[in-house]
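Okay, here's what each chain looks like letter by letter:
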Amino acid sequence: MLSLLSWLTLSLVVVSGATSPWTLHERRSHIPPGWNRARKHEPSAIIPLRIALTQPNIDQIGSYLNDVSHPDSPNYGDHWTPDQVATKFAPTKETINTVRDWLLQSGVDPARVEVSPGKGWLHVNSTVGEVEGLLRAKYYVYVHDTGAEHVASESYHLPAHVTPHVDFVTPTIHFDARLAHEGGPTTSGIVTKVSAKAKGCDEEITPSCLRALYGLPNKPVSAKKNSFGIVEFTPQTHRQSDLNSFAKKYSTGLSGVSPKMVSIDGGVLQTKLTDDNYYAESSADLEYGMSLVGPKQEVTLYQVGDTHRGASFNNFLDAIDGFYCIFENGDDASHDTIYPDNVPGGYKGKQPCGTVKPTNVISTSYKYNEADLSDLYAGRQCLEYGKLGIMGITVLYPSGDDGVEGGRGLCLTPKGKQTSKGKVFNPSFPASCPFVTAVGATRIASGGSVHDPESAWDHSGGGWSNYFGMPAYQADAVKSYLKHHHPGYSGDIWNSTGKSRAYPDLSAIGYNVMIVIRDEVMTISGTSLSTPIVGAILTLVNDARINAGKRPIGFINSAIYSEKFSGAFHDVTTGTNPGCGTKGFEAVKGWDPVTGLGTPNFPRMVEAWLKLR
Ligand SMILES: *[C@@H]1O[C@H](CO)[C@@H](O)[C@H](O)[C@H]1NC(C)=O
Ligand SMILES: *[C@@H]1O[C@H](CO)[C@@H](O)[C@H](O)[C@H]1NC(C)=O
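As annotated in an unreviewed UniProt entry, the protein carries the name Subtilisin-like protein and comes from Leucogyrophana mollusca.

Structure below.
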């Protein structure tokens, strides 16, 4: 650390130099639905200003990831330790000094500027008046239809010489966005009760249908050394009695077997809210995740968030990665819950910070619309997924249940606003992050069997990101799709540049899947089902690798798009994913933005992965 004296000397030197011009750092294109700008904020109000500093080497993250996960790399499987990751990406002294000096020159008392423990952030408690001067911004109070209030600006600026050192500043333009859970009946009434009469796999998918379809083994062999985690956000919950009934009905051998629950930020299996909506997601994820890996493989349930406000992806990431929690300290009060949460019913404990052990595969069946989040917020979280990949963790997210449309029936306007009248395709996040594996959904055609090719589920989310560039691993596959199967839509309604991240990466059954919730047998459809199914299958791949004395597979995208994995997936070539008044994209031979590379061919996947070091 520099002494106070050297800070001051440094600032004097800079002060005598020319002042740099101001540049626009972020501007919001629209106010999110339901919010209205009510009034100018009082100049004397206090704002907890937080400045996210840029990380060195971060533009190399894709190549570091490739280095440990591409089949042709001599370093395949040489995953990094958390310390190696932290050292590589910690903000430099130059970055900290530049931003701090700017604050001091602007008249902020040095004693008020705090560097976060991991040096990822600068914090200053400041008045609205002072911040408006620092950021050339105007602060307003916005009021939601529900009466909730939020303080934000429409844009903000930074001196040009500071810009390269700052990712973003909060609170500024960012807005509250609720985590929408995928696949539950809240989205489009996807859960339906069924008659007791057993039917074929085209109408009722069971664990045995999936075993037959994907060629899954009956028993893992290295279960003790392996791990598989499923993330659920409270108030989503499940009942052990439903897992038991499911086990009995589908002879999974799992009656009485529970997931190993890890409570994060007050996570509980709540019982007060009894609507089916609160049980479908967790029950379905656990019933399939646990059945497919079998009773010998422990499944970790990360139950995240209190019953009051609930938690976000960042809250979960803080728990499993101390680097993200301390070093980046990236929680944003507008999206993430800040714990301890001192409201009645809020979790009053400390939030775990890197103390929760991550499993080899982490499956999460929840999502946002990409446009719910600012590109910088989504960007920082996406980088964290990249870091988890470098550390050897497989991160799976659903591609969404609304075809090319966003959740809640929203499409985009040409300016990027989400409305039900929009015509522009509305991608999902984190699926649109190039450092996660995005999973789409398929079905067995009516009258078909497990021996017939699957087709795309007509709600399977897919398309192109508006925030993230195209990763190298998928460039050839996507280029080929655009060359041979260009959808022909005008570039006004989708991101047709061919330069942005395309998803999903692969897919699995997500239609008419049998589950038990609240003592009733029902079917559920959704990419949120496909995700834990793929999670379980990748866990079985890890099982085979661990048994052969090898490392877990970690980030899989660099591998699955490569030559060495051609034939490891059942190509899905029929179906579309309509939305925003169009028929969406088409599933075709090879990769497509409906089903990705296809569905698991387990024996071929294992064969390919066992050939790697
Ligand atoms: C800002 O204010 C909060 C609440 O009063 C306090 O907990 C925090 O330590 C302050 N931070 C700084 C950098 O002064
Ligand atoms: C398309 O995606 C890229 C990110 O790869 C982004 O820079 C661009 O703004 C997007 N286009 C539209 C129209 O949103």
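After that view, the rundown keeps rolling.
(A) Structural detail: the overall build of the protein. Scanning the protein from terminus to terminus reveals 16 helices and 29 strands. By the compact-globule yardstick of 25 Å for 613 residues, the protein fits well, its C-alpha radius of gyration being 24 Å. C-alpha atoms of the protein, sized along the principal axes, occupy 80 × 55 × 50 Å. Expressed as a percentage of its 613 residues, the buried residues of the protein come to 59%.

(B) Summary view of the sheet that holds strand β3 (residues 46–53). A sheet is described by the order of its strands in space; here 4 strands give the open sequence β4-β5-β3-β9, paired in antiparallel fashion. The open sheet has two edge strands with one neighbour each: β4 (114–115) and β9 (166–170). Two elements, β4 and strand β5 (residues 121–127), share 2 bridges in a ladder whose sense is antiparallel. Counterpart to E114 in the pairing with β5 is H123.

(C) Local environment of the packing of aromatic side chains. Taken as a whole and judged by the stated rule, the model has 27 aromatic pairs. When the centroid spacing of 6.0 Å and the interplanar angle of 15° are considered together, the rings of F429 and F468 count as stacked. Placement of F429 in strand β20 (residues 428–429) and of F468 in strand β23 (residues 463–469) is noted, with a sequence separation of 39 residues between them. Both rings, one in Y481 and one in W591, keep their centres 5.7 Å apart while their planes meet at 85°; by these two values the pair is edge-to-face. Of the two residues, Y481 sits in helix α13 (residues 475–485) while W591 sits in the loop between β28 (569–570) and β29 (599–600), which places them 110 residues apart along the sequence. Take Y481: its relative accessible area is 2%, and that puts it in the buried class. Three or more aromatic residues link up through ring pairs in this structure, and these residues are F425, W464, Y481, Y489, W494, F585 and W591. Sitting over the face of the ring of W121, R50 holds its NZ or CZ atom 4.5 Å from the ring centroid. The ring centre of Y279 lies 5.0 Å from the NZ or CZ of R518, which sits over that ring.

(D) Layout of the nonpolar core. If you look at the biggest cluster of nonpolar residues, it comprises 128 residues, and the most contacted ones within it are F316, Y385 and W609. Per-element accounting of this core gives the leading share, 9 residues, to helix α14 (residues 527–547). With sequence-adjacent residues up to four places away left out, W609 is seen in contact with Y76, L538, V541, R545, I553, I556, A559, I560 and F565. Grouped together as the second largest cluster of nonpolar side chains are 30 residues, A45, V115, V131 and Y156 included.

(E) Structural context of the site of ligand 1. Around ligand 1 sit R112, E114, H123 and N125, and that is every residue in its neighbourhood. With respect to ligand 1, the side chain of N125 contributes an N or O atom lying 2.2 Å from an oxygen atom. Starting from 360 Å² of accessible surface for ligand 1 in isolation, the protein chains cover 37%. For the shell around ligand 1, a count of residues per class yields no nonpolar, 2 polar and 2 charged.

(F) Summary view of the side chain of T437. Along the polypeptide, T437 turns up in strand β21 (residues 437–443). At 2.5 Å, the side chain of T437 forms a polar contact with the side chain of N557. Filtering out sequence-adjacent residues up to four positions away, T437 remains in contact with V395, L396, Y397, D505, L506, I556 and N557.

(G) Quick peek at the site of ligand 2. In the vicinity of ligand 2, the contacting residues are S465, N466, F468, G469, N495, K499 and S500. Between an oxygen atom of ligand 2 and a side-chain N or O atom of N466, the distance comes to 3.3 Å. Note that an oxygen atom of ligand 2 is positioned 3.2 Å from one of the backbone N or O atoms of F468. Here ligand 2 loses 49% of its free accessible area of 370 Å² to cover by the protein chains.

(H) Seen up close, the state of the cysteines. All told, the structure shown has 3 disulfides when counted by the stated rule. The disulfide that involves C201 links it to C209, with 2.0 Å between the sulfurs. Taking the sign of the S-S torsion, about -90° here, the bridge from C201 to C209 comes out left-handed. Take C201: its relative accessible area is 21%, and that puts it in the partly exposed class. Note that C411 is cross-linked by a disulfide to C580, the S-S spacing being 2.1 Å. Of note, the bridge from C411 to C580 carries an S-S torsion of about -100° and is left-handed in sense. Pair noted here: C411 is in strand β18 (residues 411–412) and C580 is in the loop between β28 and β29, with a separation of 169 residues, a long-range link. Taken individually, C411 and C580 each receive the classification buried, so the pair is uniform in this respect.

(I) Just helix α8 (residues 240–249), in detail. Where α8 is concerned, the buried positions are D242, L243, N244, F246 and A247. Looking at the buried side of α8, the elements it contacts are α7 (207–214), α9 (280–293) and β26 (513–517). Just downstream of α8, S251 is the residue with a positive phi angle, here 35°.

(J) Structural context of the pattern of salt bridges. Throughout the structure, instances matching the rule amount to 14 salt bridges. A salt bridge links K40 to E132; its shortest N-O distance comes to 2.6 Å. Here K40 is found in strand β2 (residues 35–40), whereas its partner E132 is found in helix α5 (residues 128–135), with 92 residues between them in sequence. Classification of K40 as partly exposed rests on a relative accessible area of 37%. On the basis of relative accessible area, E132 is assigned to the buried category, the value being 18%. Its salt-bridge partner being D372, residue R408 comes within 3.0 Å of it at the nearest N-O pair. Taken as a pair, R408 in the loop between β17 (394–398) and β18 and D372 in the loop between β16 (366–369) and α12 (375–390) lie far apart in primary sequence, 36 residues in all.

(K) Here's a closer look at the environment of T576. Summarising the element assignment, T576 is placed in the loop between β28 and β29. In sequence terms T576 and V588 are 12 residues apart; their C-alpha atoms lie 9.4 Å from each other. When neighbours within four sequence positions are excluded, T576 is seen to be in contact with A456, W457, D458, K583, F585, E586 and V594.

Each value, and the rule that gives it
- Residues numbered from 1 in each chain as written.
- Chains lettered and ligands numbered in written order.
- Predicted model: local features only at pLDDT ≥ 70, side-chain atom pairs only at ≥ 80, totals over all residues.
- Heavy atoms only, no water.
- Helix = DSSP H or I, 4+ residues; strand = E, 2+ residues; numbered from the N terminus.
- Rg over C-alpha atoms; globule rule 2.2 N^0.38 Å.
- Buried < 20%, exposed > 50% of the residue type's maximum accessible area, 1.4 Å probe, protein only.
- Pairing = 2+ DSSP bridges.
- Phe/Tyr/Trp six-rings, centres within 6.5 Å; stacked < 30°, edge-to-face > 60°.
- Lys NZ or Arg CZ within 6 Å of the ring centre and 35° of its normal.
- Core = buried A, V, L, I, M, F, W, Y, C linked by side-chain atoms within 4.5 Å.
- Contact = heavy atoms within 4.5 Å.
- Near = heavy atom within 4 Å.
- Polar contact = N/O pair within 3.5 Å; in protein donor to acceptor, adjacent residues only side chain to side chain.
- Areas by Shrake-Rupley, 256 points an atom, 1.4 Å probe, with all protein chains shown as cover.
- Nonpolar A, V, L, I, M, F, W, Y, C, P; charged D, E, K, R; others polar.
- Disulfide = S-S within 2.5 Å.
- Salt bridge = Lys/Arg side-chain N within 4 Å of Asp/Glu carboxyl O.

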